[in-house]
Every structure is written in structure tokens, then in C-alpha cells.
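Architecture at a glance
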Amino acid sequence: MTRIVVPFAPGNAVDASARQLAEALRRTTGRNHIVDNKPGAGAIIGTSEVARAKPDGSVLLFTTGGHATNAVLYGKLPYDSQKDFTPISQVTSSPGFVMLVRADAPYRTLNELMAAARAKPGTITFASYGTGNTTHLVGELFARAANLQLVHVPYKASPIPDLLGGHVDFLFIGTSSGLPLIQEGKTRGLAITSASRISSLPEVPSVSEFGLKGVDIPAWSGLWGPKGMSPALATAIRDDVAKAVLEPAFQASLKTFASTSIVTTPQQFSDTVSAEIVSYKRRLEPLGIRLD
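These remarks concern the structure in this document.

Each value, and the rule that gives it
Residues numbered from 1 in each chain as written. Predicted model: local features only at pLDDT ≥ 70, side-chain atom pairs only at ≥ 80, totals over all residues. Heavy atoms only, no water. Helix = DSSP H or I, 4+ residues; strand = E, 2+ residues; numbered from the N terminus. Expected span 1.5 Å × (residues − 1). Buried < 20%, exposed > 50% of the residue type's maximum accessible area, 1.4 Å probe, protein only. Core = buried A, V, L, I, M, F, W, Y, C linked by side-chain atoms within 4.5 Å. Contact = heavy atoms within 4.5 Å. 1 Å grid on protein atoms, 1.4 Å probe; cavity = no way out; pocket = protein on both sides within 12 Å on 5 of 7 lines; lining within 4 Å. Points joined across faces, edges and corners; volume = space filled by probe spheres on them. Nonpolar A, V, L, I, M, F, W, Y, C, P; charged D, E, K, R; others polar. Pairing = 2+ DSSP bridges. Axes fitted to C-alpha atoms, helices over the stretch in contact; angles between N-to-C directions. Polar contact = N/O pair within 3.5 Å; in protein donor to acceptor, adjacent residues only side chain to side chain. Salt bridge = Lys/Arg side-chain N within 4 Å of Asp/Glu carboxyl O. Phe/Tyr/Trp six-rings, centres within 6.5 Å; stacked < 30°, edge-to-face > 60°. Parallel < 35°, antiparallel > 145°, perpendicular 65-115°, else oblique. Left-handed = near helix turned anticlockwise from the far one by under 90°.

**Some thoughts on helix H5 (residues 134-146)**
- In this model, H5 (13 residues) spans 18 Å end to end at C-alpha, consistent with the 18 Å of a helix rising 1.5 Å per residue.
- Most of H5 is tucked away: ten of the 13 residues are buried.
- Note on H5: the residue one or two positions beyond its end, Asn147, has a positive phi of about 60°.

Next comes the structure, spelled out in C-alpha cells:
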């Protein structure tokens, strides 16, 4: 049996993707794969557990691009984000983050929201899933790109209820999580941080259409093992993943969340994460966000 640790609470798009992957792996390999949610401390608790595990393939980590941002934002981590893990493969990719406001919000367009923020600096609030979370970082990058003074409101749990209740003005969230909320009519999307509009949300403009640059953070999920895993084992698991993501049920789940599957070699995945960490050091350090 293989235990796939997800360092986030159940019930979100990351957890759903992990569970779909586990089931697809069970069908294609004939071996049981279970998801074990270990949330807390900005994904550090679950990630730390995998770092301490035996590199025999029995314990894997399924997490997001936040693994790379944590490497930059935290002065001290109980693990080395690169040296203490064996990269296996990237698994999914989502087209940026979407800015959500509640369905009855007074801001019908991004220009209206920005105008309100400029008229009364320091009064427009944006929520996040916690300080240093990618939903926070995208909000700060947006504020810098648009030259706005916004108020960040971090949450330990989901900020969606307070967004819907009108307690905060907007939220940047991964498209995979935001799409269902828009489709259900609970929220409206004012902009998306991808380079251009996406087919699943054609009415939502890209921030680039407003002349805003440097807002996006790649939204993806990937699979790691503990450090010390043999290259042969990492490649074998990667090959299993390559077959599993082609399963019709897994592909159907991706469409639900506006995501796509993307399988890489362990080396390609390692190179991607290394490049992102270098990029984040340049882009995020000027924001002055440090987590310890």
C-alpha cells in the first residue's frame, strides 16, 4: 500500500485531485493508494512527515507550487525543500488565479474595483488562505502591479464563507477552485492572472488586458518522495503516474477544475522547481513577506 500525504485539509481542489490520482493508480497498478490529509502550518506539517519517511515508495507527497514559495518565504524550515525530497513528476497544471467577488458585489469590473481602491486607499480588503499562501502572494503582486493600497485578511481555514457573506471584498484563488463557485452563481470573476483568457472562463479578462504585469504564480500540483529514493524507483513511480493520468475518470475530474495533466521526468520536475525558487527570490523578496 502507498500512502499519499496531502498537506492540506480535505474538501478542496488539491485534495480532490490527489484522491482521483490515488484511485487511478489503484486501477492501473492493482495496488492500493490512500490519501492521508496532514494539514497545518502552511503545508509544513504534512511535508515534514514525508521528509522523515523511508524512501521505499510507501509514502509520497502530493502538494502544490506552494512548496517552492515556502522555500523562499520561510527563514527556517524543518526540511530543505529540494535536498530532502526526491522529485517524481508534476501532475496537474491550472491556468493562473482568478479574482472572485461575491455575486452581488458593487464591483462589476476590475476597473471599478481598482477605482474604488484608489479613491479610498487602505479600505478594500482581500482574503487569503493564510499569510504566505499563494493566494496571499498573488494579491500582493496584484497590489504592487496596480499601485494599490489594499488590506490583507489572512484565514486559517477557508475564506470563502466570509467572501460570500460580504466580510471581505475579493479573493484570488486557483482557477480549479474558483470555477465551480462562478458556475454556481455564488461569485463573479473579475480577472484571471494567466497570460490570456481561458476557454472555461471566456468572459473573464486577463490582468494583462489592464496593463498589469508580474501578477501570476504558476498553479500546479506534483508528486515527491523522501530523499534517498533510488532513481529507478522514482522513474517507476513516474511511469505509473503517466498511465494513471490517462484514466478517463481522472481526465474528467480535471475538466471539472479547469486543469490539465502534465507528466514530467524526475529531472524535469526538479529543474522546474529550482527555476521557480530562483524566480520567487527575485519577485517575492521585495514584498517583505517573511515567515518564521
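**Describing the nonpolar core**
- One finds Met99, Leu110, Leu113, Phe142, Leu150, Phe170 and Leu212 to be the most contacted residues of the largest nonpolar core, which totals 50 residues.
- Counting residues per element, this core draws most heavily on H5, at six residues.
- Residues in contact with Phe170, not counting those within four places in the same chain, are Met99, Leu100, Val101, Leu113, Ile124, Thr125, Phe126, Ala127, Phe142, Leu150 and Leu163.
- Of all hydrophobic cores here, the second largest spans 21 residues; its members include Leu60, Phe62, Ala244 and Leu254.

**Some details on the layout of surface pockets**
- Taken as a whole, the second largest pocket encloses approximately 150 Å³ of empty space.
- Lining the second largest pocket, in full, are Ala71, Tyr74, Lys76, Leu77, Tyr79, Asp80, Ser81, Gln82, Ile277 and Lys281.
- When the residues that make up the lining of the second largest pocket are grouped by side-chain class, the tally is five nonpolar, two polar and three charged.

**Here we look at the sheet that holds strand E1 (residues 2-6)**
- Across the sheet, which stays open at both edges, the six strands sit in the order E2-E1-E3-E10-E4-E11 with mixed pairing between neighbours. Looking along the sheet, the strands with just one partner apiece sit at the ends: strand E2 (33-37) and strand E11 (260-261).
- As defined by bridge partners, E1 adjoins strand E3 (residues 59-64) across three bridges and the pair is classed as parallel. Looking at the pairing, Ile4 lines up with Leu60 of E3.
- Against the sheet, helix H1 (residues 13-29) makes contact with E1, E2, E3 and strand E4 (85-94), and its axis sits at roughly 160° relative to E2, the strand it touches most.

**Thoughts on the sheet that holds strand E7 (residues 151-154)**
- Reading across from one edge, E7-E6-E8-E5-E9 is the order of the five strands in this open sheet, with mixed pairing throughout. Since the sheet does not close on itself, it has two edges, and those belong to E7 and strand E9 (187-192), each with one partner. Recorded for the sheet is a direction-independent mean angle of 35° between the axes of neighbouring strands.
- Relative to E7, strand E6 (residues 125-128) runs parallel, the two sharing four bridges. Its bridge partner lying in E7, Thr125 is registered against Val151.
- Sheet contacts for H5: strand E5 (97-102), E6, E7 and strand E8 (170-174); angle to E6, the most-contacted strand, approximately 150°.

**A look at the environment of Gly185**
- Mapped onto the elements, Gly185 comes out in the loop between helix H7 (175-183) and E9.
- Judged by its relative accessible area of 45%, Gly185 falls in the partly exposed class.
- Sequence spacing of Gly185 and Arg102 is 83 residues, and the spatial spacing of their C-alpha atoms is 8.9 Å.

**Side note on H1**
- End to end, H1 covers 24 Å across 17 residues, agreeing with the expected 24 Å (1.5 Å per residue, within 8%).
- Within H1, the full set of buried residues consists of Ala13, Asp15, Ser17, Ala18, Leu21, Ala22, Ala24 and Leu25.
- Taking the backbone nitrogen of Val14 as reference, a side-chain oxygen 3.1 Å away marks Asn12 as the first, capping residue of H1.

**Remarks on the pattern of salt bridges**
- Enumeration according to the criterion identifies 13 salt bridges in this entry.
- Put simply, Lys186 and Glu184 hold a salt bridge, and the shortest N to O gap is 3.3 Å.
- Residue classification places Lys186 among the partly exposed positions, given a relative accessible area of 40%.
- Salt bridges linked by common partners bring Arg3, Asp36, Lys38 and Glu49 together as one network.

**What to know about the packing of aromatic side chains**
- On inspection of all chains with the given rule, the structure shows eight aromatic pairs.
- Between the aromatic rings of Tyr79 and Phe85, the centroid separation amounts to 5.4 Å while the plane-to-plane angle is 85°, which identifies the pairing as edge-to-face. Each member of the pair, Tyr79 as well as Phe85, carries the same accessibility label: buried.
- On the numbers, 6.0 Å between centres and 40° between planes, the contact of Trp220 with Trp224 is tilted.
- For Trp224, a relative accessible area of 3% translates into the label buried.
- An aromatic cluster of at least three residues, connected via ring pairs, comprises Phe126, Phe142, Phe170 and Phe172.

**Some thoughts on the packing of helix H3 (residues 66-73) against helix H10 (residues 266-284)**
- The contact between H3 and H10 brings their axes to 9 Å, and the two run at 50°. Here H10 runs oblique to H3, going by the angle between their axes. Here H3 runs over H10; the crossing is right-handed. Taking contact as the criterion, the partners of Ala68, Thr69, Ala71, Val72 and Leu73 in H3 are, on H10, Val273, Glu276, Ile277, Tyr280, Lys281 and Leu284.
- Grouping the constituent residues of the contact of H3 with H10 by class yields eight nonpolar, one polar and two charged.

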